[in-house]
Amino acid sequence: MTKIETREQYEWAVARVEELLPLVDDNTPITDVHLIELKLLSDLVADYSEEHFAMEKPSLVEVLGLRLYEMNLTKKQLAEMLGVSQSRISEYMSGKSEPTLKIARKMSQTLNIDPSIVLGV
């Protein structure tokens, strides 16, 4: 098999990978048939998963909400940190407005958000 084509093949391969996992460890020789099969099937499963179950990059709206929660911040506190109004933060979080380059840079650095997410690229 050079590529997993169907969901049925994918499910079989995943089940087989789960069967093989207990049979190998860090000390298993690279010539071991179980290790070779595990490596091949794992690659095929990963390729199928990436093609059929890939997650989209999160939006700025989603990431801002998550960061506020993770950092236990209010919109008011975030506004103060970024030097913008609270209403501007609400606009960013609702998707009605996008930050300027200056604010995007500060947002990325302050909240540790990937610049490509802040800039929407």
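Details of the structure are given in the entry above.
Criteria and thresholds
- Residues numbered from 1 in each chain as written.
- Predicted model: local features only at pLDDT ≥ 70, side-chain atom pairs only at ≥ 80, totals over all residues.
- Heavy atoms only, no water.
- Core = buried A, V, L, I, M, F, W, Y, C linked by side-chain atoms within 4.5 Å.
- Buried < 20%, exposed > 50% of the residue type's maximum accessible area, 1.4 Å probe, protein only.
- Helix = DSSP H or I, 4+ residues; strand = E, 2+ residues; numbered from the N terminus.
- Contact = heavy atoms within 4.5 Å.
- Phe/Tyr/Trp six-rings, centres within 6.5 Å; stacked < 30°, edge-to-face > 60°.

Our focus in this paragraph is the nonpolar core. Soluble globular proteins: nonpolar side chains tend toward being buried together. Formed by 19 residues in total, the largest nonpolar core has its most connected members in Leu64, Ile89, Met107 and Ile113. Counting only elements with at least two residues in this core, the list comes to helix H3 (60–70), helix H4 (75–82), helix H5 (86–94), helix H6 (101–111) and helix H7 (115–119). Setting aside residues no more than four positions away along its own chain, leucine 64 makes contact with Leu78, Tyr92, Met93, Met107, Leu111 and Ile113. Of all hydrophobic cores here, the second largest spans 11 residues; its members include Tyr10, Val17, Leu20 and Val45.

Tallied over the full model, the rule gives three aromatic pairs. Centre to centre, the rings of tyrosine 10 and phenylalanine 53 are 5.4 Å apart; their planes meet at 55°, and the pair counts as tilted. In this pair, tyrosine 10 sits in helix H1 (residues 7–20) while phenylalanine 53 sits in the loop between helix H2 (33–52) and H3, placing the two residues 43 residues apart along the sequence. Taking the relative accessible area as the measure of exposure, phenylalanine 53 reaches 37% and is therefore partly exposed. Plain terms: the ring middles of tyrosine 48 and phenylalanine 53 are 6.0 Å apart, the flat faces sit at 65° to each other, and that makes the pair edge-to-face. Owing to a relative accessible area of 6%, tyrosine 48 belongs among the buried residues under this scheme.

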